[in-house]
Amino acid sequence: MSDKTDSAHRHGASPRGSDESSTSPNSVSTNAGSTRQSPVTFSFNGRPIQALPQDTVASALYRAGRRTFSRSFKYHRPRGLLCVAGKCPNCLMNVDGTPNVRACTQPVQAGMQVTHQNAYPSLDTDFMSLAERFSWAMPVGFYYKTFTHPWMWRIAEPLIRRAAGLGRIDREFRPEANHDYEHVFAHTETTVVGGGPFGLQAALDAAERGEDVVLIDDQPALGGHLRYAPGENSTLPKAFTGDTDESALAAVISRVLDHPQITVYTDATCFGVYEGNLLAIAHRGLDSPAAQRLTQLRTDQIVVATGASEAPLLFENNDLPGVMLSSGALRLIGLHGVKPGERAVVVGQAERAESTSQALQAAGVTVAGVVGPADVVKAVGGKHVTGLKTTTELLACDLVVVCGNWAPDAGLAAQAGGQIEWDEARGVFATGALPPGVTAVGAATGAGLPPSLDTARKNGANAKKTFVCPCEDVSLHDLSTAIAEGFDHIETLKRYTTTTMGPCQGKMCKQAAIDVCAQETGRTVRETGRTTSRPPTAPVPLGALAGPHLHPVKRTPLHAKHDELGCVWMDMGEWKRPLYYGAPESKQASVEQEYWAVRQRVGLIDLSTLGKLEVVGADAGKLLDKVYTNRFSDLRVGRARYGVICDEAGIILDDGTVSRVADDRYFITTTTGNIEFVQEWLEWWQAGSGWCVHVTNVTGGLAAVNVAGPKARDTLAKLTDRDLGNRRFGYMRCRRAQVAGVPSLMLRIGFVGETGWEVHYPAEHGEHVWDAIMAAGKEFDIRPFGVETQRVLRLEKKHVIVSVDTDATSNPIESDLAWVAKLDKGDFIGKAAISRAQARPPREKLVGFVMDDNVLPPDGCVIIADDRPAGRITSVRHSPVNEKVIGLAWVSADLAAAGGTIGMRVNGRLVTATIADQPFYDPAQERLRQ
Amino acid sequence: MSFLIPCPNCGKRSVYEFRFGGEVKSRPAPGSTAEAWLSYSYATANRERPQKEWWYHTHGCRQWFFAMRDTLTNEVTETSLPEEAP
Ligand code: FES
Ligand SMILES: [Zn+2]
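Treat the numbers as computed from the prediction; the structure is a model and nothing was measured.

S.K.: Quick one: what's the story with the overall build of chain A, residue by residue and with numbers?
M.R.: Of regular secondary structure, chain A possesses 23 helices and 46 strands. Looking at chain A residue by residue over its 930 residues, the buried ones come to 56%. Residue pairs at least 24 apart in sequence account for 65% of intrachain contacts in chain A once pairs closer than 6 positions are excluded. As presented, chain A carries roughly 38100 Å² of accessible surface, and 52% of it is formed by carbon and sulfur atoms.

Encoded structure:
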């Protein structure tokens, strides 16, 4: 791999490689693309294994003599290397704690811990292979036929889960398995998917036209099949067809790697094409077996150069270890220098079988015979192939090389909206008409592929041991049975048998399944059609999709203060807020102390999380009148008013205070976390109106605290020259003031039910003002209080919290907020719906209640009347001043009258509460006006 | 869903930067029937082909604008700021 691909892979947020890598690209003569120079040792099931520089995990194991690499999904049949290209399910292993790693494409790192999967106690002796004896008990559609009662499934599920499936997730934390995944967003002009000869040519062509190009290949090095099998000159694109050195593979690759317009991603799988030519690309981690990066690449042009996959032929025991695809055998030889066997039988047709035999012989393998596909009866052997039975003889061998059919990998073209058409002459489904922005080249179009053989022959062999789908252990017999049962459409056949739904995503089985379906139903292949291609075209680790563990957190300017004071934090949307101050084990005591400080002396709470907006302009009042249910154009400067926003259906969306700070300037607070929505909402109703008004979000720029309690005035009076007396600064007034020398906006409002001021001031003075207030309140024994205390205080006042006490069906009338809906003012959002709600008898009402016994039901507890659910509690707390449990609940309207009784079940006991229509504290509002 | 929307201010951006504001509908005049309000609140034409929609560029210029989006292909053919709309 070149430095350029390396750097693009490691750092490139953009597809452009960094230019600092002026060193020449690595030699590609080691076609495995390895950068390692000397042998290393890794461990397999605890035993040391030597690996040469060109090795993958699988090739090193194969050289060391291992032949069984996995056990199959259902029957636990032994499976060996088949494709050696990362396309089949046969070599899945656990590498450093990551399950389902394809060992044949996983480069070796020194010290790697590799273990087998899906077999007990070992790959060679797997007790679960007894499952095959009971294959009669697991017919196709087993799940649907057997578990006809839920209890059956409950018993069977744990057993099936243990026996079936692939890999196991390691629940133990292991540092080496703890990968950092990242997501990268990039864009380019042309993306070529596939680094074979046609992909290389397409990349050069586009780059020569001056386009920015990204070339993606899922192997460790470029070159496609030319890496291990020479191409016919006649079938190669023009860059390869000269006789000069320039046309050799290494030279063409160098041209690509050196081209300033081309960025290369190797070891990267493009597994999906999404709307707007967005490609999803999983990059294998350079130093870990899991894909560590997911790139979302936006591109103007996609060139599908994904080539073709060789698929197995159908005969009995076609899944035995030692039965290998011709491309797999050639890859072992050409890429890894491993001899695939001693004595081989080649199954295939004349020319291809011939060239494959020659390659095997050149590698020192004895070719015991070449057999035409039609003459094969079965492969013979227990745990490994020992021979091939033909219609005339038994050929002893330790390797059966199958020259299978090549099927174009056209899935990405199909996902991009392209047509996939049946090419009768070649016997393949290949790309047809493609949408704008997508082209296909090379074998994906069917070009240059050898004509396909009819795979759907049986030769009188055991159809139960003839595997069509190696991933899901679906046999020829299973397919025939399913078709006989009526699942004769290729899409229903797929879903019923799960053929094509395993890790290979159809690369090994799709065409064979279609052929079988066509043959059994007497339809043509064209009529049979193919199943839909969807992402992912290849397995992708979930971690790569999930991405990094990033979670935005918002902290108020007073965050450090709260930490210093030892608060318990709570999450409120993205914000962190103090729940209360003190140790978790003394929560009750801490909350009560905070509570009494506010009720009897003075308390201080951080309100910086409130959403804050400035609405400015000649028409600001007009906009607010339209959006809020109450009136603001008539609000006098220096006054504040509570307001509610509803949608057109009369549902409460938000609430807060609106203060008029100047003739053309309002200051609005919104619920914590709802600021973005309220801003959008105001801007929406303003859009296109032509009104002169600007809405500005000032949340982040301002800190805010509430100083509340009988001594709040005395505390603040030390810090400001403003007259805080009732005559000059009464309830629901707003004033600009210097507080502790900081220009602030003071609002006299009383969410917690005591004399109090909200102070909004520049965030950079957050701690200064907080400290000044704490110092000024010291003589009154001031205490900071948290959200939990605030909730008790406001509940005693029956103040509703939008989206705690209301939900997506609550209107102001039923929420005991009818007074905020000014139905006599002009048009506003929700007026029609609220008018209707007022005219009809309510279905439910939000009411206060007092528990008759002192039990504390949980928030959300169901209200019961006449043994039926009749509502739910939204908030409930112990009220220290009342020494009672109080709360808010939605109840059906007939239960809502004051003095009525409602029931609920708490800890299995039926308890009752009495409806109260007045606030539980200071109903006359005297204290907050003091 | 991964299409691009040409914001009238910012140019082509990923749909994930935007908030969908629904079909452009005309709000019933005050005093309209309950049916008119209900269908305005809850009914959508859900046309199959280009339709005029509201979009808001949340992670960009924070402006509401109109977009003609083909509901079959998600192709956005045309966008305009409300003031400029005919
Ligand atoms: S042998 Fe490794 S995926 Fe096929
Ligand atoms: Zn924009």
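Still more to cover.
S.K.: Run through the overall build of chain B, naming residues and quoting values.
M.R.: In terms of regular secondary structure, chain B is built from 1 helix and 6 strands. Once local pairs closer than 6 in sequence are excluded, the contacts in chain B between residues at least 24 apart make up 42%. Taking the average location of the 10 positive side-chain charges in chain B and that of its 10 negative ones, the two points are 4 Å from each other.

S.K.: Give me the interface of chain A and chain B: which residues, what numbers.
M.R.: With 22 residues of chain A at the contact, the number on the chain B side is 24 residues. At the boundary of chain A with chain B, total buried surface from both sides reaches about 1900 Å², with 52% on carbon and sulfur atoms. Contact with chain B buries area across many residues of chain A, yet A:Glu275, A:Glu680 and A:Trp684 alone supply 32% of it, more than any other trio. Our enumeration of links across chain A and chain B arrives at 3 salt bridges. Across the pair B:Arg27 and A:Glu648 runs a salt bridge whose closest N-O atoms are separated by 2.6 Å. Of all the secondary-structure elements, those providing two or more residues to the side of chain A that touches chain B are helix H18 (675-686) and helix H22 (831-839) of chain A. In terms of residue count, H18(A) provides more of the side of chain A that touches chain B than any other element does, 7 residues in total.

S.K.: Tell me about the coordination of the zinc ion (ligand 2), residues and numbers included.
M.R.: Residue and element names in this part refer to chain B. Within the protein, the zinc ion (ligand 2) binds to Cys-7 (SG), Cys-10 (SG), His-57 (ND1) and Cys-61 (SG); these donor distances fall in the range 2.0 to 2.3 Å. Geometry at the zinc ion (ligand 2) is tetrahedral, judged from the 4 donor atoms that bind it and their angles of 103 to 119° at the metal. Linear spacing of the donor residues for the zinc ion (ligand 2) on their chain is C-x2-C-x46-H-x3-C. For His-57, a relative accessible area of 0% puts it in the buried group. Of the residues examined, Cys-61 reaches a relative accessible area of 25% and is grouped as partly exposed.

S.K.: Give a detailed account of the domain arrangement of chain A, specifying residues and quantitative values.
M.R.: Here the domain parsing of chain A yields domain 1 (177-309 + 409-445), domain 2 (565-608 + 701-793), domain 3 (611-700) and domain 4 (834-929). Relative placement of domain 1 of chain A and domain 2 of chain A: their C-alpha centres are 62 Å apart.

S.K.: Go over the packing of aromatic side chains with me, naming the residues and quoting the values.
M.R.: Per the counting criterion, the structure on display carries 22 aromatic pairs over all chains. Put simply, the rings of A:Phe677, A:Trp681, A:Trp684, A:Trp685, B:Trp54, B:Tyr56, B:Trp64 and B:Phe66 pair up and form one aromatic cluster. Sitting over the face of the ring of B:Tyr40, B:Lys25 holds its NZ or CZ atom 5.8 Å from the ring centroid. Its end group placed over the ring of B:Phe66, B:Lys52 keeps NZ or CZ at 4.2 Å from the ring centre.

S.K.: If you had to explain the pairing of strand E2 (residues 47-51) of chain A to someone new, which residues and values would you point to?
M.R.: Residues and elements named next belong to chain A. Summarising the sheet, strand E1 (residues 40-44) and E2 pair through 5 bridges and their orientation is antiparallel. Bridged to Thr-41 within E2 is Gln-50. A loop of 2 residues connects E1 with E2, the two strands running antiparallel in sequence, and Asn-45 in this loop sits at a positive phi of about 50°.

S.K.: Could you give an account of the environment of A:Leu856, naming the residues involved and the relevant values?
M.R.: Residues and elements named next belong to chain A. Here Leu-856 lies in the loop between strand E41 (844-851) and strand E42 (862-865). With 767 residues separating them in the primary sequence, Leu-856 and Pro-89 have C-alpha atoms 57 Å apart. In contact with Leu-856, not counting residues within four places along its chain, are Val-876, Arg-877, His-878, Val-885 and Val-906.

S.K.: Tell me about unusual backbone geometry, and name the residues and values.
M.R.: All names here are of chain A. The linkage connecting Pro-535 with the following residue, Pro-536, adopts the cis geometry, with an omega of -5°. By the secondary structure assignment, Pro-536 is in the loop between helix H13 (525-528) and helix H14 (542-546). Its identity as a non-glycine residue notwithstanding, Asp-473 has a phi of 55°, on the positive side. Phi at Asn-907 is positive, roughly 50°, even though this residue is not glycine. Along the chain, Asn-907 turns up in the loop between strand E45 (901-906) and strand E46 (909-916).

S.K.: I'd like a description of the packing of helix H10 (residues 476-484) of chain A against helix H12 (residues 510-521) of chain A, backed by residues and values.
M.R.: Residue and element names in this part refer to chain A. Two numbers describe how H10 lies on H12: the axes approach to 10 Å, and their chain directions differ by 45°. Between H10 and H12, the crossing angle belongs to the class labelled oblique. The chirality of how H10 crosses H12 is right-handed. Taken together, the residues of H12 that come into contact with H10 (itself represented by Leu-476, Leu-479, Ser-480 and Ile-483) are Ala-513, Val-516, Cys-517, Glu-520 and Thr-521.

S.K.: Quick rundown of the pattern of salt bridges? Include the residues and the values.
M.R.: All names here are of chain A. Under the defined criterion, the tally for this structure stands at 46 salt bridges over all chains. In this structure, Lys-561 engages Asp-771 in a salt bridge whose closest nitrogen and oxygen atoms are separated by 3.0 Å. Taken together, the positions of Lys-561 in helix H15 (residues 559-564) and Asp-771 in helix H20 (residues 766-776) put the pair 210 residues apart, joining distant regions of the chain. For Lys-561, a relative accessible area of 10% puts it in the buried group. In this structure Asp-771 comes out as partly exposed when scored by relative accessible area, which is 35%. Note that Arg-599 and Glu-796 form a salt bridge whose closest N and O atoms lie 2.7 Å from each other.

S.K.: Give a detailed account of the confidence of the model for chain B, specifying residues and quantitative values.
M.R.: Per-residue confidence for chain B gives a mean pLDDT of 92, with 97% of residues at or over 70. Both confidence scores are given for the complex: pTM 0.81, ipTM 0.95.

S.K.: An account of the sheet that holds strand E18 (residues 376-381) of chain A is needed here, citing residue identities and associated values.
M.R.: Residues and elements named next belong to chain A. One open sheet accounts for 3 strands, arranged E18-E19-E20; its pairing is antiparallel. At either margin of the open sheet sits one strand with a lone partner, and together these are E18 and strand E20 (394-396). Adjacent strand axes in the sheet meet at a mean angle of 25°, parallel and antiparallel pairs treated alike. Bridging between E18 and strand E19 (residues 385-390) involves 5 bridges; their strand directions are antiparallel. If you follow Val-376 over to E19, its bridge partner there is Thr-390.

S.K.: Now, about the environment of A:Val616: what can you tell me, with residues and values included?
M.R.: Residues and elements named next belong to chain A. Within the element layout of this structure, Val-616 appears in strand E31 (residues 611-616). The sequence separation of Val-616 and Cys-692 amounts to 76 residues, and the corresponding C-alpha distance is 8.3 Å. Setting aside residues no more than four positions away along its own chain, Val-616 makes contact with Asp-664, Arg-665, Cys-692, Val-693 and His-694.

S.K.: Lay out the sheet that holds strand E16 (residues 343-347) of chain A with the relevant residues and their values.
M.R.: All names here are of chain A. Spatially, 4 strands are ordered E15-E21-E16-E17 in an open sheet, and the strand pairing comes out parallel. The open sheet is flanked by strand E15 (323-325) and strand E17 (366-371), the only strands paired with a single partner. Recorded for the sheet is a direction-independent mean angle of 25° between the axes of neighbouring strands. Pairing of E16 with E17 involves 5 bridges; the strand directions are parallel. Each residue of the ladder has a partner; that of Ala-344, found in E17, is Val-367.

S.K.: Break down the confidence of the model for chain A for me, with residues and values.
M.R.: Per-residue confidence for chain A averages 89 on the pLDDT scale, and 92% of its residues sit at or above 70. Confidence drops under a pLDDT of 50 for residues 1-32 of chain A, and excluding neighbours within four residues, the segment shows 70 contacts in the predicted structure.

S.K.: Describe the nonpolar core, and please don't skip the residues or the numbers.
M.R.: Residues and elements named next belong to chain A. Formed by 51 residues in total, the largest nonpolar core has its most connected members in Ile-216, Leu-279, Ile-281 and Val-468. If you tally residues by element for this core, the top one is H12, at 6 residues. In terms of nonpolar packing, the next biggest core, distinct from the first, is built from 37 residues, Ala-103, Met-112, Ala-329 and Ala-344 among them.

S.K.: Please set out the packing of helix H7 (residues 326-336) of chain A against helix H8 (residues 350-362) of chain A residue by residue, giving values where relevant.
M.R.: Residues and elements named next belong to chain A. Here H7 crosses H8 at 25°, and the two axes come no closer than 10 Å. Considering the angle they form, H7 stands roughly parallel to H8. Relative to H8, the crossing made by H7 is left-handed. Contacts between H7 and H8 involve Ser-326, Ala-329, Leu-330 and Ile-333 on the former and, on the latter, Arg-352, Thr-356, Ala-359 and Leu-360. Considered class by class, the residues forming the contact of H7 with H8 number 5 nonpolar, 2 polar and 1 charged.

S.K.: Got a sec to walk through H18(A)? Specific residues and values, please.
M.R.: Spanning 12 residues, H18(A) covers 17 Å between terminal C-alpha atoms, matching the ideal 16 Å at 1.5 Å per step. Burial in H18(A) covers these residues: A:Ile675, A:Val678, A:Gln679, A:Glu680, A:Trp681, A:Leu682, A:Glu683, A:Trp684, A:Trp685 and A:Gln686.

S.K.: Outline the pairing of strand E14 (residues 308-311) of chain A, listing residues and values.
M.R.: Residues and elements named next belong to chain A. Of the two faces of E14, both are covered, the one formed by Ala-308 and Glu-310 as well as the one formed by Ser-309 and Ala-311. Two elements, E14 and strand E22 (residues 405-408), share 4 bridges in a ladder whose sense is antiparallel. Each bridged residue has a counterpart across the sheet, and for Ala-308 the counterpart in E22 is Pro-408.

Cut-offs applied
Residues numbered from 1 in each chain as written. Chains lettered and ligands numbered in written order. Predicted model: local features only at pLDDT ≥ 70, side-chain atom pairs only at ≥ 80, totals over all residues. Heavy atoms only, no water. Helix = DSSP H or I, 4+ residues; strand = E, 2+ residues; numbered from the N terminus. Buried < 20%, exposed > 50% of the residue type's maximum accessible area, 1.4 Å probe, protein only. Contact = heavy atoms within 4.5 Å. Areas by Shrake-Rupley, 256 points an atom, 1.4 Å probe, with all protein chains shown as cover. Lys, Arg positive; Asp, Glu negative; His and termini not counted. Charge placed at Lys NZ, Arg CZ, Asp CG, Glu CD. Buried area = accessible area lost by both parts, 1.4 Å probe. Salt bridge = Lys/Arg side-chain N within 4 Å of Asp/Glu carboxyl O. Donors = N, O, S within 2.8 Å, 3.2 Å for Na, K, Ca; no water. Tetrahedral: all angles 85-135°; square planar, octahedral: opposite > 155°, others 65-115°. Domains from an automatic or database assignment. Phe/Tyr/Trp six-rings, centres within 6.5 Å; stacked < 30°, edge-to-face > 60°. Lys NZ or Arg CZ within 6 Å of the ring centre and 35° of its normal. Pairing = 2+ DSSP bridges. Axes fitted to C-alpha atoms, helices over the stretch in contact; angles between N-to-C directions. Parallel < 35°, antiparallel > 145°, perpendicular 65-115°, else oblique. Left-handed = near helix turned anticlockwise from the far one by under 90°. pLDDT = per-residue confidence, 0-100. Core = buried A, V, L, I, M, F, W, Y, C linked by side-chain atoms within 4.5 Å. Nonpolar A, V, L, I, M, F, W, Y, C, P; charged D, E, K, R; others polar. Expected span 1.5 Å × (residues − 1).

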